[in-house]
Structures are given as C-alpha cells and as structure tokens.
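# Close look at the chain arrangement
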Amino acid sequence: MQKTISWKNKIIYQIFPRSFYDSNNDGDGDINGITKKLDYIKSLGIDAIWICPIYDTNFEDAGYDVKDYKSVWKQFGTIEDFKKMINEAKKRNIDIIMDIVLNHVSNQHEWFLKAIESTNNKEHNYFIWRKKLSKEEKNAPSIFGGSAWEFVPSIKKYYFHLFSTSQIDLNWEHPDTIKAMKEVIDFWYKIGVRGFRLDAIKHISKDFPEGIKTSHSWGSKVVKNLQKFNKLAFKNKKNIFILGEASGITLKELLKYGKGKDKVSTNFYNFSWWWIGWSKKTGRNGYNPNWNYKNFVTKMKPFQENNEVTPELITNFLSNHDTSRAISRWGNENTFWNESAKSFAMMLFSLKGIPCIYYGEEIGMLNPIFNLRKDFRDVDAINAYKNMVDNKKIYSEYEMTKYHNINGRDNSRTPMQWNSLINAGFNKGIKTWIKIGDSFKKINVKNQLQNKNSILNFYKKIIKLRKNDKYKYILVDGTSKFNLLKNGLFEIIREYNGKKIVVYINLLNKIKNYQIPKNAKLLLSSWSDNKKSDNKLRSYESIMFYK
Ligand code: GLC
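Moving on, we come to the site of the ligand. As a structural note, the neighbourhood of the ligand is formed by Asp-61, Tyr-64, His-104, Phe-144, Phe-163, Gln-167, Arg-197, Asp-199, Glu-245, His-321, Asp-322 and Arg-409. Within the contact set of the ligand, an oxygen atom lies 3.0 Å away from a side-chain nitrogen or oxygen of Arg-197. Taking Glu-245, its side chain carries an N or O atom lying 2.9 Å from an oxygen atom of the ligand. Looking at the shell around the ligand residue by residue, the class counts come to three nonpolar, three polar and six charged.

Glancing now at helix H6 (residues 175-191). End to end, H6 covers 25 Å across 17 residues, agreeing with the expected 24 Å (1.5 Å per residue, within 8%). Within the sequence span of H6, burial applies to Thr-177, Ile-178, Ala-180, Met-181, Val-184, Ile-185, Trp-188, Tyr-189 and Ile-191. Positive phi appears at Gly-192, one or two residues downstream of H6, with a value of about 120°.

Looking now at the side chain of Thr-323. Looking at the element boundaries, Thr-323 is found in the loop between strand E14 (314-317) and helix H10 (326-330). At 3.0 Å, the side chain of Thr-323 forms a polar contact with the backbone nitrogen of Asn-320. Other than its neighbours up to four places away in sequence, Thr-323 contacts Trp-274, Trp-278, Arg-329, Asn-407, Gly-408, Arg-409 and Ser-412.

This next bit is on the sheet that holds strand E9 (residues 157-160). Taking strand neighbours across the sheet as the criterion, the three strands line up as E7-E9-E8 in an open arrangement whose pairing is antiparallel. Edge strands, defined here as strands with exactly one partner in the open sheet, are strand E7 (129-130) and strand E8 (149-152). Across two bridges, E7 lies against E9 in antiparallel orientation. Along E9, the bridge assignment pairs Trp-129 with Tyr-159.

Okay, the environment of Asp-186 next. Checked against the element boundaries, Asp-186 lands in helix H6. Judged by its relative accessible area of 22%, Asp-186 is partly exposed. Spatially, the C-alpha atom of Asp-186 lies 9.9 Å from that of Leu-232, the residues being 46 residues apart in sequence. Ignoring sequence-local partners within four residues, the contact set of Asp-186 consists of Ala-233 and Lys-237. Side chain to side chain, Asp-186 and Lys-182 meet in a polar contact 2.5 Å long.

Our next topic: the pairing of strand E15 (residues 354-358). Within E15, five of the five residues are buried, which leaves it mostly tucked inside the rest of the structure. Side chains Ile-354, Cys-356 and Tyr-358 project from E15 onto one buried face, and the interleaved Pro-355 and Ile-357 project onto a second face that is buried too. With three bridges joining them, strand E1 (residues 12-15) and E15 adopt parallel strand pairing. Paired with Gln-14 across the bridge in E15 is Tyr-358. Strand direction decides the pairing type here: E14 and E15, joined by three bridges, are parallel. By the bridge assignment for E15, Asn-316 is matched with Pro-355.

Along its sequence, the chain is organised into domain 1 (12-109 + 168-449) and domain 2 (479-546). Contacts between the two partners involve 23 residues from domain 1, matched on the other side by 27 residues from domain 2. Summed over both partners, the interface of domain 1 with domain 2 buries about 2,200 Å², with 69% contributed by carbon and sulfur atoms. Ranking the residues of domain 1 by area buried against domain 2 places Tyr-293, Val-297 and Met-346 at the top, with a combined share of 28%. Inspection of the region where domain 1 meets domain 2 yields zero salt bridges. Where domain 1 meets domain 2, there are nine residue pairs in polar contact (both at pLDDT 80 or more).

Quick notes on the rules
- Residues numbered from 1 in each chain as written.
- Predicted model: local features only at pLDDT ≥ 70, side-chain atom pairs only at ≥ 80, totals over all residues.
- Heavy atoms only, no water.
- Near = heavy atom within 4 Å.
- Polar contact = N/O pair within 3.5 Å; in protein donor to acceptor, adjacent residues only side chain to side chain.
- Nonpolar A, V, L, I, M, F, W, Y, C, P; charged D, E, K, R; others polar.
- Helix = DSSP H or I, 4+ residues; strand = E, 2+ residues; numbered from the N terminus.
- Expected span 1.5 Å × (residues − 1).
- Buried < 20%, exposed > 50% of the residue type's maximum accessible area, 1.4 Å probe, protein only.
- Contact = heavy atoms within 4.5 Å.
- Pairing = 2+ DSSP bridges.
- Domains from an automatic or database assignment.
- Buried area = accessible area lost by both parts, 1.4 Å probe.
- Salt bridge = Lys/Arg side-chain N within 4 Å of Asp/Glu carboxyl O.

Structural data, given as structure tokens:
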C-alpha cells in the first residue's frame, strides 16, 4: 500500500533527463538511467521527481519543442521504459511530474506540417497567422531573440512564435487545442503520472495588436482558457498536483491565479530569486556584477510573510534548467564551496513552500568552463551570439562567452557527476552530448557518500529534519518571517503553536556577530565542526535552532 503524503510535505527533485544517467552508453542520458538511479534519489528522501520533457523532439530547445506528445524521444528510450520507471518509482513512493508544454509545438509536429501544407487543413487553425505584418508586428521581438513572426513561403503567411522560430505558438482560442492537450494529460495519467508541470502557462492567451509589450503575459483570456482546460483535463482525476510555470510571477498574481475565482493552478513555481545577478538589459545573456545579495530577502519576504500564501501554493528553488548553477552564480566556488552550498540549502529548506532540488545541487555541482562559442548547445545561447554579437554588436564574442559562462542555461545541463572515473560515471566513456563539468574529480556522488560532512549528507540531514514529526509542522505549516539584519545576516523565524525554528544565514565571506537565541537547541550548521559559536558566525556559517 502506498502511503499518501500531502503535496505540501513533499520534496521535489528535478531531472534534466539528457544529463542524468546514460544507461546504454550512447552519449545521452535516458529513462532507464533514471530508473537505475531511483534508489539513489530515494536515499535522499525525495517524494516526487519532475522530469524535463522526454517527448519526441528535435531538441532545439531541450525538448521544449515537442514533435509528438504521446511518444518518447528515441534517445530517451520508449514508452515501455517510461512505464517501467513509473512502476519502480511507485514502489518507492515517488511521484513523477510530467512537463507539459502547452504554449507551442515543434515546427516538425504533425499539426504544423499539415498547417503549412494547405490553409484548408483543419490544423491550420491551431496556430496564429498573419498575411501582412503591421508596423508593431514587424518590430515584435521573440523571447529568444529575432522577430516573433516568421514567413512561410509555401502558404505566404507569417506564423507567431514567442520563443524560438522552431517553437510555434498554438492558438488557444481554438477548441481543438484545448481538447488535444486534454488528451495528452489523459495519456500520461493512464500510465500513472500524477503531477503535471504546466510550462509557460502565463503566455497561452495573446492580446493582439501587441504594441510594444510583446511578452504576452497573463493575456485577457488566460483564465478562461486554462480553466476550461483544467476542467476538461483534471476534473475526474484524484490527488493531482499541478505546478504552474509562470516566470516572474508576482505576489499579486500568485494570489489571483492560485486562489479564488481566477485560480488556474494549485501550485506555482516561485521565481523570487531567479533574476539575481542577471543583466537588467539582457537577462541571463548578460551579467550584473553589482547584484545585491540582500535581494534574497527582499524579493522572497513578501511571499513568505503573506499568510494567504499557504505552503502548498509555492515551490521554491535555487536553480533549474533555465539558470546556471547556484553556487557558481551566488556562492563560493573555492575555500567556502562546502559551507556556501550548505548555507543555500539551509535557506531553501527553511522557507515556507515546497523545496525543489535541481539534480547535482545536492553535491554542490558548479558551472563548467565553456571555452568557445561552439561549446554551447542551448538555443538561447546560440541565438544570443547571432543577435547580440553578430547582428546588433551589443557584446563582443569574448564578452558573450564570459557572460554565458556565468548565467547561461548550459551551465546546469552538463552530466550528473556520479564518480571520478571516465565521463564522471555518467556513462561508460562514449562522447557526451555536452561537455562534462570540469570539477567532477572532486565533486561527485561517490566521494560525498563516503564523507559524513559532505554537501550530499547535509541535504539528507536537512530533508530528514523537514520530515521529522517534531519539526515538520513548523517547517511546513508554520508562519514565516524572513528578515534582513542590519549587519547583513538573514534571519528566518518559523513558528507553529508557540514552537519555533530560528535560522541565521550568512551568505558573506565575513565574520558576523549575532545573538544565539536563548534556550534553543542547535539543530544544524553549515560548518562541519557544528559549533554553537560564541555569538559569531564565520564566513558562510549558517545555523538552525529549535526553541
Ligand atoms: C519554459 C522552460 C524553458 C523553455 C521555455 C519555452 O520557460 O522552462 O526551458 O525554454 O519554457 O518552452
């Protein structure tokens, strides 16, 4: 019998499947690879795995360009492999969260191929077309650079794409789109999937003419369309978890779209920290050297301290497949690598909301070094070189490479570092689809399993603590106060029925004074000597008390 744990108590682990474990040594990670590593995932204390898209794809945008929603990309395996994985996961009480790409399909998807074959085909209606572009439309940029409209000579029309030219936006005003997506949900539900991450949901309704605002976020029909879809797709299904991805969601939007009459998802990914260190102008294609660590508090605080934000409503994270590695980005890669990774973990696990660990984070994986433009695989990076280096000359090639080494998405997409052997134990030695991280000899699972003070063992401890009957009510259900102290320390106070967990986070390479809370029991420290220090916290020393 499976134990049912409510979603707010779960810990999620995110996998980028092409880089997790290559079971057949062909250079690409696969579903059987995930199955093989389920015991490892279980040993961490994980309850649910969100897997980035595994559908048939050209992999131009890492599988977010879907060719067929009901089949698996051959590099990842087969539907049978997927069923086997689900069954094995169930035996271990682990749910699988499927990534559902709602907003667009690949230009190789059958619908699009039919749509451009003839305007009389019914599939033509599934997309957004123009015979002529207005002045505004001509200037409308897509999120991955270049124009948002692309001409198709065979039918003499332009189609709309918010992301890359090979990701064609679906027309959600057409009833067939909603029905087709409902069938996708049914298909995976039948196989045993109970969690669904709905990709880019804020974009599915577009208000034209677009004017200067082209991101098409939370368009006027988003609620109507998504509610129609939710009703059709999820009404008769039990214990479903829906994780909405709406980048940059504000508190106001979270409360509007997560609760009440405009509710479109049961949970939203919390983007509070996403932007820290990105360029104001060019986002993750650039870098802001003056980024402010205080933003960890100021951006997250409103979400934590609002009592309408219940713990099941948000999923918090440090990094994901759309960012670089958290420790390279914000922490310390050298002397305090271990302590900074643990400090970030402590901050994540102390906050209200479901924690989501990105594969490799639990061993403190770092950004690799990409020497050349050709080393990058991500469509966002490839386009950025074209648009910002070749065409607009915003950056030199040298600068672009430098910035992508800091913030580019490929940083977090390199193979999982299992051991110090060939290809970091990711496979048996065949060339991998993307380079292996430079740090694998030192940073790998095998090493860390053997070291009781490792980051990996710290993750296990903090997960255990969050599940411990004595603390779980406080850490999951308790109220949350997130304060920036005058000297730069962060203070987190969780409270439930008079019982408290008090946490001090030091994200600085500096010694800081603080007041040890009275009559408090030390639960955890980011420093291995676990010293309840004399009212001082050393560099990256973060500490958790119970009182
Ligand atoms: C989401 C995904 C991202 C992808 C984009 C377009 O933001 O997380 O990886 O590129 O949607 O599908």
